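One letter stands for each residue in the lines below.
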Amino acid sequence: MFDFHSHILPNVDDGSKNLEESLELLASSFKQNIEAIVATPHFSPEAEDPETFLKRRVEATKKLLTAYDNSVHPKVYLGAEVAYYPGIKCSEKIKALRILGTKHILIELPFYKWSNNMIDEIIEIKKRLGLVPIIAHIERYGIVRHKDILHKLISQGVLIQSNASFFINKRTRRKALKILSLGQIQLLGSDMHNLEQRPQNLKMAEDIIRENLGNSVLKRLRFFGNEVLQGAVPIESALEYSLKGEA
Ligand SMILES: [Fe+2]
């Protein structure tokens, strides 16, 4: 299982507060057989520019690498959770925020009703910037009630990520399983922030999916995960890769 949404880098956003917590989140993920985790710290264009964000991410990466051990931790890749803003489709600079080594970028949309312009802009990101948008935690928006909009996005190559909690929460489980069985979720994430309130919970979601929909759906998720991570740069090589100016 791959975790496409996490806040595990130390002291870089509202996620892990220090190196110890980051290591515990990684160790607990490893014990749950999570194979790979994409670190997706929050990027807000109102708060900073991509360069400043990347400098902070480099520092957090360096700190994590002082104790990262791939014999007891999952593979880690670097990305960002990019808050949508009008004009994002024209912003060359956000290319640096993709999952390092890939063409995929995790985007968080506003929680109010999406306009048609906004939906078109997400689709345009692919055409204009050559990036494949992944919509973060789809269950957080009213959009899950609008299968036609989801269909439009997916048919244009946009990928949909949902959090494990969508499946774990008994009030939303049926909906989550329905959407997944329709093929309208391609990637899962824990969106873990800390050990207490928002820990690693993907294994729980995986068990629920297997029990209700069988292994073939998990295999499909794995297929999409592998596609997205093709060429992704592991954290051990990330700093070197960035120095080459490719990020
Ligand atoms: Fe998040």
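Position labels on residues start from 1 in each chain and follow its written sequence. Residue-level local features of this predicted model are given only where pLDDT is at least 70; pairs of side-chain atoms are given and counted only at 80 or more, and the full residue set underlies all totals for whole chains, interfaces and linings. Neither water nor hydrogens contribute to the side-chain values; these are computed over all heavy atoms in the structure.

> How would you summarise the overall build of the protein chain if you had to cite specific residues and measurements?
Every helix listed is a DSSP run of H or I at least four residues long, and every strand listed is a run of E at least two residues long, numbered separately from the N terminus. Looking only at helices and strands, the protein chain has 9 helices and 9 strands in total. All radius of gyration figures rest on C-alpha atoms, and the globule criterion is 2.2 Å times the number of residues raised to 0.38. By the compact-globule yardstick of 18 Å for 247 residues, the protein chain fits well, its C-alpha radius of gyration being 17 Å. Its C-alpha atoms put the protein chain at 45 × 40 × 30 Å along the principal axes. Taking contacts inside the protein chain between residues at least 6 apart in sequence as the whole, the part at least 24 apart equals 77%. Only the protein chains shown count as cover for residues, with accessible areas throughout obtained via the Shrake-Rupley method and a probe of 1.4 Å. Approximately 11,400 Å² of the protein chain is accessible, and the part contributed by carbon and sulfur atoms is 51%. Note on contacts: a residue pair is in contact if any heavy atoms of the two residues lie within 4.5 Å.

> Tell me about the coordination of the iron ion, residues and numbers included.
Tetrahedral coordination by four donors puts the ideal angle at the metal at 109.5 degrees, and octahedral coordination by six puts it at 90 or 180 degrees. The iron ion binds to the protein through H5 (NE2), H7 (NE2), E81 (OE) and D191 (OD); the donor distances cover 2.1 to 2.3 Å. Every donor counted, the 4 donor atoms about the iron ion form angles of 81 to 161 degrees at the centre, which fits irregular coordination. Donor atoms are limited to N, O and S found within 2.8 Å of the metal ion, a distance that becomes 3.2 Å for Na, K and Ca. With water left out, some sites might look partial. In the primary structure, the donors to the iron ion are separated according to the pattern H-x1-H-x73-E-x109-D. One end of the pair, H7, is in the loop between strand 1 (2-3) and helix 1 (19-31); the other, D191, is in the loop between strand 9 (187-189) and helix 7 (202-213), and 184 residues separate them in sequence. Assessed through its relative accessible area of 1%, H7 is described here as buried. For the exposure calls, accessible area comes from a 1.4 Å probe over protein chains only, and a residue counts as buried if that area is under 20% of its type's maximum, exposed if over 50%, partly exposed in between. You can call D191 buried: its relative accessible area is 2%. Four donors are marked tetrahedral only if all angles between them lie between 85 and 135 degrees, whereas four are marked square planar and six octahedral if opposite donors are more than 155 degrees apart and the other angles lie between 65 and 115; the remainder are marked irregular.

> Give a description of the pattern of salt bridges that names residues and reports values.
We define a salt bridge as a side-chain nitrogen of Lys or Arg found within 4 Å of a carboxyl oxygen belonging to Asp or Glu. Taken as a whole and judged by the stated rule, the model has 14 salt bridges. As a salt-bridge pair, D191 and R140 come within 3.2 Å of each other at their nearest N and O atoms. Residue D191 is found in the loop between strand 9 and helix 7, and its partner R140 is found in the loop between strand 7 (132-135) and helix 4 (147-155); the two are separated by 51 residues along the sequence. The exposure class of R140 is partly exposed, given its relative accessible area of 36%. If you follow the salt bridges from partner to partner, you end up with K203, E206, D207 and R210 in one network.

> An account of the sheet that holds strand 9 is requested, with residue identities and associated values reported.
For two strands to pair, DSSP has to find at least two bridges joining them. Strand order in this open sheet of 6 strands is 3-5-6-7-8-9, and the pairing throughout is parallel. Edge positions in the sheet fall to strand 3 (42-43) and strand 9, since each has one partner strand and no second. Here 2 bridges tie strand 7 to strand 8 (residues 159-163), and the two strands are oriented parallel to one another. Residue I135 lies in a different strand from strand 8, and its bridge partner there is I160. Along the sheet, helix 3 (residues 116-129) contacts strand 6 (104-108) and strand 7; its crossing angle with strand 7, the most-contacted strand, is approximately 150 degrees. Simply put, an axis is a line fit to the C-alpha atoms, just over the touching stretch for a helix, and the angle between two N-to-C directions goes from 0 to 180 degrees.

> Which residues make up helix 1, and what values go with them?
In this scheme, a helix's expected span is set at 1.5 Å multiplied by one less than its residue total. Taking 1.5 Å per residue as the helical rise, helix 1 with its 13 residues ought to reach 18 Å, and the 18 Å between its terminal C-alpha atoms agrees with that figure. Where helix 1 ends, the next residue or the one after it, N33, has phi of about 65 degrees, a positive value.

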